[in-house]
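The chain contents come next:
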Amino acid sequence: MFDLYGYGFSILEGAWLTLQVGLLSLALSVALGMLGALAKLSRSRMARLAASFYTTLIRGIPDLVLMLLLFYGGQVLVNAMAQAVGYEGYIDVDPFVAGVLTIGFIFGAYMTETFRGAILAVPSGQLEAGYAYGMSRGLAFRRILLPQMIRHALPGFGNNWLVLLKATALVSIIGLDDMVRKAYLAAGATHQPFTFYLAVALVFLAFTTLSVILLRWAERRYSLGFEQEIKP
Amino acid sequence: MNFGIILDNLNLYWQGLLLTVQLTVLSLGLGLGLAIPLSIVANSGNGLARGLVFGYSYFFRGTPLLVQIYLIYFGTGQFEGIRDSILWPALSQAYWCALIAFALNTGAYTTEILRGAIKSTPRGEIEAARAVGMSTAMMYRRIILPSAFRRALPAYGNEMIFMLQGTSLASVITLVDLTGAARIVNSRYYSPYEAFITAGLLYMALTFTIVMLVKWLERHWFAYLRPREG
């Protein structure tokens, strides 16, 4: 049953790649989201404008269109640049890199909104107290803002991660051998498409369920010392 | 960049836009039609029915839409019983498979949104409805659902936008929607920027149309339910 006509291992390999794409783009999206949130709250008009442009653009366009634009467009751009510096051959854009960059870039916009809300949820008196002790902006951010905003950011962050994980399925369209594409290949060879796509769906369900459990634990962990919801 | 090729293919984009809008509207309509009874069941006392609704919603919310489309488009053909059934004329066509997958997907998310909204109906509203002698059906129709819709509208607006953008996956199973049109133009002229930026701008226009629509709905339909200010 778990052998899946000999393709079980291949699907598991794909699942590992899916996880890699997911975690790497998560890291990128967190970095971009933090940058975006700080830009949105910054005093510079230009930074605020750029961050708003970024989030509006991303939320208005489907993931698939952005991914195709970055994959095919990146291909053209890279080759044009290579030719400009005198390179004769043809460069193929790696679908893994294109996938991670696109998904990270897209979810950076969603993380921006999550982090912005979380930063605003930390009472400003906390930061002022930090500055009053003579902390630099960087130190106050690290010691005061960051530990306190995590509690407010976790629910939104969790949602974004669940959506991001499912969005990784799109990398199969640009030719990356993730779990979905492995299932596509196995289905073509065995004529058992339902079996393989169901297997992939169940692996995704397992990832989702595990994530939800971990996130619940983290939320409890970061809410220690705060009033818990009282059940009536 | 040469946007002249877009002008030459304006008709292709127009047809794609129409299909995108059609798929979005139909799947949202079907999904909402599915979600209203299911969200009522999800708040009912029947444990088995509640479990079934939860299972459906959990599966479709926990797996990628792309995999759901593949399951329905490629997967159903695996079973002889389905191939011989009266459903096969529909299930062998990409259009119907996409529509079924989209409707089931948005139905699952909408069920969850409405379930939460119904659950948070203020007790007083239900007690008042009971006190004037309403039957359960009438109470749902006149009191609970309208008030739940109001609370669900912001989340449902987001779901509408997700569904609009989700329809771009129809292009993966050969349908020529807006994304499909862009993919054809890209492969014909090898001009990814023109092709996909045009599609992206049109999607943005559609997204903002939905945002405006939701704002308008909030202001007009549900003005009397608006939270009191101050």
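Just so it is clear, the structure is predicted and the values come from calculations on it, not from any experiment. (Residues numbered from 1 in each chain as written. Chains lettered and ligands numbered in written order. Predicted model: local features only at pLDDT ≥ 70, side-chain atom pairs only at ≥ 80, totals over all residues. Heavy atoms only, no water.)

## A short note on the overall build of chain A
Then, number 1: Secondary structure summary: chain A contains eight helices and zero strands in total.
Then, number 2: Moving toward the C terminus, one meets the helices and strands of chain A in the order α-α-α-α-α-α-α-α.
Then, number 3: Along the longest, intermediate and shortest principal axes, the C-alpha atoms of chain A span 65 × 60 × 30 Å.
Then, number 4: Per-residue burial for chain A yields a buried fraction of 45% across its 232 residues. (Helix = DSSP H or I, 4+ residues; strand = E, 2+ residues; numbered from the N terminus. Buried < 20%, exposed > 50% of the residue type's maximum accessible area, 1.4 Å probe, protein only.)

## Digging into the interface of chain A and chain B
Then, number 1: Each side of the interface is counted separately: chain A has 38 residues, and chain B has 36 residues.
Then, number 2: Both sides together, the interface formed by chain A and chain B hides about 3,200 Å², and carbon and sulfur atoms give 76% of it.
Then, number 3: Contact with chain B buries area across many residues of chain A, yet K166, F194 and Y197 of chain A alone supply 18% of it, more than any other trio.
Then, number 4: At the junction of chain A with chain B, the criterion picks out zero salt bridges.
Then, number 5: Our enumeration of links across chain A and chain B arrives at twelve residue pairs in polar contact (both at pLDDT 80 or more).
Then, number 6: Counting residues per element, the side of chain A that touches chain B draws most heavily on helix 8 (residues 193-222) of chain A, which supplies eleven residues.
Then, number 7: Here the side of chain A that touches chain B is built from residues that sort into 25 nonpolar, eleven polar and two charged. (Contact = heavy atoms within 4.5 Å. Buried area = accessible area lost by both parts, 1.4 Å probe. Salt bridge = Lys/Arg side-chain N within 4 Å of Asp/Glu carboxyl O. Polar contact = N/O pair within 3.5 Å; in protein donor to acceptor, adjacent residues only side chain to side chain. Nonpolar A, V, L, I, M, F, W, Y, C, P; charged D, E, K, R; others polar.)

## Side note on the confidence of the model for chain B
Then, number 1: For chain B, the mean per-residue pLDDT works out to 91, and 97% of the residues sit at or above 70.
Then, number 2: The least confident element of chain B is helix 6 (residues 88-91) of chain B, whose mean pLDDT is 81; the most confident is helix 2 (residues 10-42) of chain B, at 96. (pLDDT = per-residue confidence, 0-100.)

## Here we look at the environment of T198 of chain B
All names here are of chain B.
Then, number 1: Checked against the element boundaries, T198 lands in helix 11 (residues 192-220).
Then, number 2: With a relative accessible area of 13%, T198 lands in the buried category.
Then, number 3: Put simply, T198 and A182 are 16 residues apart on the chain and 7.8 Å apart in space, counted from C-alpha to C-alpha.
Then, number 4: Here E194 takes part through its backbone oxygen, which lies 2.6 Å from a polar atom of the side chain of T198.

## Concerning the side chain of T167 of chain B
Residues and elements named next belong to chain B.
Then, number 1: By the element assignment, T167 lies in the loop between helix 9 (136-166) and helix 10 (178-189).
Then, number 2: Looking at T167, the relative accessible area reads 0%, which means it is buried.
Then, number 3: Excluding anything up to four places from it in sequence, T167 contacts T20, L23, T24, F102 and D177.

## Remarks on the nonpolar core
Then, number 1: Formed by 116 residues in total, the largest nonpolar core has its most connected members in V180, V200 and F204 of chain A together with Y13, F102 and L169 of chain B.
Then, number 2: With eleven residues, the top contributor of residues to this core is helix 4 (residues 95-121) of chain A.
Then, number 3: Beyond its immediate stretch of four places on either side in the chain, L169 of chain B contacts L64, L170 and I173 of chain A together with L65, L66 and I69 of chain B. (Core = buried A, V, L, I, M, F, W, Y, C linked by side-chain atoms within 4.5 Å.)

## As for the packing of helix 3 (residues 63-84) of chain A against helix 10 of chain B
Two quantities define a packed helix pair, namely the angle between the axes and the distance from one axis to the other.
Then, number 1: Their axes nearest at 11 Å, the elements helix 3 of chain A and helix 10 of chain B cross at an angle of 15°. It follows that helix 3 of chain A is roughly parallel to helix 10 of chain B by the angle criterion. Here helix 3 of chain A runs over helix 10 of chain B; the crossing is left-handed. Between helix 3 of chain A and helix 10 of chain B, the residues in contact are L64, V65, L68 and Y72 of chain A and T179, R183 and N186 of chain B, respectively.
Then, number 2: Residues belonging to the contact of helix 3 of chain A with helix 10 of chain B are distributed by class as follows: four nonpolar, two polar and one charged. (Axes fitted to C-alpha atoms, helices over the stretch in contact; angles between N-to-C directions. Parallel < 35°, antiparallel > 145°, perpendicular 65-115°, else oblique. Left-handed = near helix turned anticlockwise from the far one by under 90°.)

## Observations regarding the packing of aromatic side chains
Then, number 1: Within this structure, the stated rule accounts for 16 aromatic pairs over all chains.
Then, number 2: Between Y197 of chain A and Y70 of chain B the ring centres are 5.1 Å apart and the planes differ by 40°, which places this aromatic pair in the tilted class. A residue pair is termed interchain when its members come from two chains, as with Y197 of chain A in helix 8 and Y70 of chain B in helix 4 (residues 65-73).
Then, number 3: Residue Y70 of chain B is classed as buried on the basis of its relative accessible area, which comes to 7%.
Then, number 4: Aromatic pair Y70 of chain B and F74 of chain B: ring centres 5.3 Å apart, planes at 50°, arrangement tilted.
Then, number 5: Using a relative accessible area of 30% as the deciding quantity, one classes F74 of chain B as partly exposed.
Then, number 6: The rings of Y184 and Y197 of chain A together with Y70, Y73 and F74 of chain B are connected pair by pair, giving a single aromatic cluster. (Phe/Tyr/Trp six-rings, centres within 6.5 Å; stacked < 30°, edge-to-face > 60°.)

## As for the environment of L38 of chain B
Residues and elements named next belong to chain B.
Then, number 1: With respect to the helices and strands, the residue L38 is situated in helix 2.
Then, number 2: As for L38 and Y193, which are separated by 155 residues in sequence, their C-alpha atoms are 43 Å apart.
Then, number 3: Beyond its immediate stretch of four places on either side in the chain, L38 contacts V53, Y56 and T111.

## Topic: a nonpolar patch on the surface
Then, number 1: Nonpolar side chains collect at one region of the surface, where L70, V97 and L101 of chain A lie side by side and expose about 230 Å² of accessible area between them.
Then, number 2: Summarising the element assignment, V97 of chain A is placed in helix 4. (Patch = residues over 30% accessible without salt bridge, like charges linked within 9 Å, V, L, I, M, F, W, Y side chains within 5 Å. Areas by Shrake-Rupley, 256 points an atom, 1.4 Å probe, with all protein chains shown as cover.)

## Some details on the packing of helix 2 of chain B against helix 9 of chain B
Residue and element names in this part refer to chain B.
Then, number 1: Contact geometry for helix 2 and helix 9: axes closest at 11 Å, N-to-C directions at 140°. With respect to helix 9, the axis of helix 2 lies oblique. The chirality of how helix 2 crosses helix 9 is right-handed. Listed contacts from helix 9 to T20, T24, S27, L28, L32, I36 and I40 of helix 2 are Y140, L145, F149, Y156, M160, M163 and L164.
Then, number 2: Of the residues contributing to the contact of helix 2 with helix 9, the split by class is eleven nonpolar, three polar and no charged.

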